[in-house]
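Spelled out, the chains give:
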Amino acid sequence: MNGPPPNIAELYSEGQRLQHEGRLEDAKERYLEVLRLEANHADAIHCLGNIDARQGRLEDAERLIRRALALDPLKATFVNSLGNLMKAAGRLDEAASLYGQAVQLQPGFVTAQSNLGDVLLRQGHLEEAVDACLKALELDPNHAGSYNNLGRALNNQRRFEEAVSAFRRAVLIRPNYAVGYNHLGHALRAQGEVEEAIEAFEHAVSLDPELAVAHQNLGATRMATGLVDEGIEAYERARELRPAHVPTLLNLGIAYHTAGRFKLAGETYRRAIELAPDNPEPWLNLGLVLNEQRRSDEAEIAFREALKLAPGRADIYAELAALYEETNQLDALEKAIRDGLEVAPDHPRLNLEAAKAERRAG
């Protein structure tokens, strides 16, 4: 005799529990069992879409969530999830519209209201972002994500003290909030509270050792206080986590250069050039390292490459002028100064190099 048939509600509930625990493949199996019994179970389809989104399959996620919405177009959670996908894809106008729809469908939906604040912040609408976050906090005064988004918007308005207060509230509500601690450190650093900022960044990486941006911020803040070796350590960890992230490579290269580790600095800049050949910064920084190593011909090539990519950069002309002055290439020196001053006649470094050249000419 066969046992009782599977219960759809129980299978769905078990899938939700597993998804909440992070056991995504097991949760997926439960949802697929639900769909084998009820092909148009919109909630199970929606959950499968969210799992695909978490695993980086954004096109599959969008297809599933749109299917769920077609089955239940008035479900605010479905609309919010589609907004998340649009935000991840950089389609911010669509995301903002969807979050607004979700709030209209479910006026007490604090997550959608907070998400609206986040996307308004990304669009640069700072006052509207603050208002959206405050509305979210009216709905739930203990919503850590809304305090975090509020802090980011205030920080971007340079209202640092208020931002710090918002971030402190976020991490008080959610003590394991690594992203909140990272943002707290950022705001504290902007206030000049460097030691507290370091503590916040260190706490962030202790909570989430794979939060690359916190390692990068920790590195920058340590470097600012003269802790060069400790800054390099943090930057190296950030590079391990994001090996193709050019800003991290640039910062690490500068740190190596500061420590006198020229070979590593050069290698790091060359890797950045491989990843971003149209970015003038790694070429400029490579030229600085080569020049300090007295490899003048190679340094000139690097500066020239930077200038090709950024022909209006007066600081690159200044570095070229300094190189020509040091190597007694007087005609090239005069031309670099002249070309640079045409771009930026008041540039201090270029005028200094011009003064040196005039002194040499008597």
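Residues numbered from 1 in each chain as written. Predicted model: local features only at pLDDT ≥ 70, side-chain atom pairs only at ≥ 80, totals over all residues. Heavy atoms only, no water.

*Asks:* Requested: an account of the overall build of the chain, with residues and values cited.
*Replies:* Check the secondary structure of the chain and you find 21 helices and zero strands. In summary, the chain has a C-alpha radius of gyration of 27 Å against a globular reference of 21 Å for 362 residues, an excess of more than 25%. Taken over the C-alpha atoms alone, the chain extends approximately 105 × 45 × 35 Å along its principal axes. Going through the 362 residues of the chain one by one, you find that 46% of them count as buried. Taking contacts inside the chain between residues at least 6 apart in sequence as the whole, the part at least 24 apart equals 46%. In the form shown here, the chain has an accessible surface area of approximately 18,300 Å², with 49% of it arising from carbon and sulfur atoms. One finds the centroid of the 41 positive side-chain charges in the chain at a distance of 2 Å from the centroid of its 56 negative side-chain charges. (Helix = DSSP H or I, 4+ residues; strand = E, 2+ residues; numbered from the N terminus. Rg over C-alpha atoms; globule rule 2.2 N^0.38 Å. Buried < 20%, exposed > 50% of the residue type's maximum accessible area, 1.4 Å probe, protein only. Contact = heavy atoms within 4.5 Å. Areas by Shrake-Rupley, 256 points an atom, 1.4 Å probe, with all protein chains shown as cover. Lys, Arg positive; Asp, Glu negative; His and termini not counted. Charge placed at Lys NZ, Arg CZ, Asp CG, Glu CD.)

*Asks:* If you had to explain the packing of aromatic side chains to someone new, which residues and values would you point to?
*Replies:* One pass over the structure, following the stated rule, counts one aromatic pair. Judged by centre distance (5.8 Å) and plane angle (50°), the rings of Tyr12 and Tyr31 are tilted. Separated by 19 residues along the polypeptide, Tyr12 in helix 1 (residues 8-20) and Tyr31 in helix 2 (residues 24-37) bring together distant segments of the chain. Here the guanidinium or amino end of Arg174 rests over the ring plane of Tyr177, the centre of that ring lying 4.0 Å away. (Phe/Tyr/Trp six-rings, centres within 6.5 Å; stacked < 30°, edge-to-face > 60°. Lys NZ or Arg CZ within 6 Å of the ring centre and 35° of its normal.)

*Asks:* Run through the nonpolar core, naming residues and quoting values.
*Replies:* Counting residues in each nonpolar core, the largest one holds 70 residues, and the members touching the most others are Tyr31, Leu82, Leu116, Val119, Leu150 and Leu184. Sort the elements by how many residues they give to this core and helix 6 (residues 92-105) lands first, with seven residues. Counting residues in hydrophobic clusters, the runner-up holds 41 residues, among them Met223, Tyr235, Tyr324 and Leu350. (Core = buried A, V, L, I, M, F, W, Y, C linked by side-chain atoms within 4.5 Å.)

*Asks:* Tell me about the environment of Leu250, residues and numbers included.
*Replies:* Residue position: Leu250 is located in helix 15 (residues 246-258). Each C-alpha atom of the pair Leu250 and Glu233 lies 14 Å from the other, and the pair is 17 residues apart in sequence. Among residues more than four places away in sequence, those in contact with Leu250 are Tyr269, Asn279, Glu281, Pro282 and Asn285.

*Asks:* Break down unusual backbone geometry for me, with residues and values.
*Replies:* Look at Arg294: it is not a glycine, yet its phi comes out positive at around 65°. One non-glycine residue, Asn328, lies in the positive phi region at around 60°.

*Asks:* Hey, could you go over helix 6 for me, with residue numbers and the actual values?
*Replies:* For helix 6, with 14 residues, the first-to-last C-alpha span of 20 Å sits near the 20 Å given by 1.5 Å per residue. Summarising the contacts, the buried residues of helix 6 are in contact with helix 5 (76-88) and helix 7 (110-122). (Expected span 1.5 Å × (residues − 1).)

*Asks:* Give a description of the packing of helix 14 (residues 228-241) against helix 15 that names residues and reports values.
*Replies:* Contact pair helix 14 / helix 15: the axes reach a minimum separation of 9 Å and the direction vectors enclose 155°. Classed by the angle they form, the pair helix 14 and helix 15 counts as roughly antiparallel. When the axes of helix 14 and helix 15 are compared, the crossing they make is left-handed. Residues Val228, Ile232, Tyr235, Glu236, Ala238 and Arg239 of helix 14 form the contact with helix 15, whose participating residues are Thr248, Leu249, Asn251, Leu252, Ala255, Tyr256 and Thr258. Classifying every residue of the contact of helix 14 with helix 15 by side-chain character gives eight nonpolar, three polar and two charged. (Axes fitted to C-alpha atoms, helices over the stretch in contact; angles between N-to-C directions. Parallel < 35°, antiparallel > 145°, perpendicular 65-115°, else oblique. Left-handed = near helix turned anticlockwise from the far one by under 90°. Nonpolar A, V, L, I, M, F, W, Y, C, P; charged D, E, K, R; others polar.)

*Asks:* Residues and numbers for the pattern of salt bridges, please.
*Replies:* For the coordinates displayed, the defined rule picks out 27 salt bridges. Two residues, Arg159 and Glu162, come together in a salt bridge whose shortest N-O distance is 3.0 Å. Across the salt bridge formed by Glu334 and Arg338, the nearest N and O atoms sit 3.8 Å from each other. Of the two residues, Glu334 and Arg338 are both situated in helix 20 (residues 330-343); the distance of four residues between them amounts to about one turn of the helix. Relative accessible area serves as the criterion here: at 41%, Arg338 is assigned to the partly exposed category. Within this structure, Glu14, Arg17, Glu21, Arg23 and Asp26 form a network of salt bridges that share partners. (Salt bridge = Lys/Arg side-chain N within 4 Å of Asp/Glu carboxyl O.)

*Asks:* Quick rundown of the packing of helix 17 (residues 280-292) against helix 18 (residues 296-309)? Include the residues and the values.
*Replies:* Interaxial distance between helix 17 and helix 18 falls to 8 Å at its minimum, and their mutual angle equals 160°. Between helix 17 and helix 18, the angle falls in the class roughly antiparallel. Between helix 17 and helix 18 lies a crossing whose hand is left-handed. The segment helix 17 lies against helix 18, with Pro280, Trp283, Leu284, Leu286, Gly287, Leu288, Leu290 and Asn291 engaging Ser296, Glu298, Ala299, Ala302, Phe303, Glu305, Ala306 and Leu309. By residue class, the composition of the contact of helix 17 with helix 18 is 11 nonpolar, three polar and two charged.

*Asks:* Explain the side chain of His46 to me, and be specific about the residues and the numbers.
*Replies:* Here His46 is to be found in helix 3 (residues 42-54). Dropping the residues within four chain positions of it, His46 is found in contact with Ile65, Ala68, Thr77, Phe78 and Ser81.

*Asks:* Describe the environment of Ile65, listing the residues and the values that go with them.
*Replies:* Mapped onto the fold, Ile65 is located in helix 4 (residues 58-71). Along the sequence, Ile65 and Leu341 sit 276 residues apart, while their C-alpha atoms lie 57 Å from each other. Look past the residues within four positions of Ile65 in its chain and what remains in contact with it is His46, Gly49, Asn50, Phe78, Ser81, Leu82 and Leu85.

Any link to function would need more than the numbers given here.
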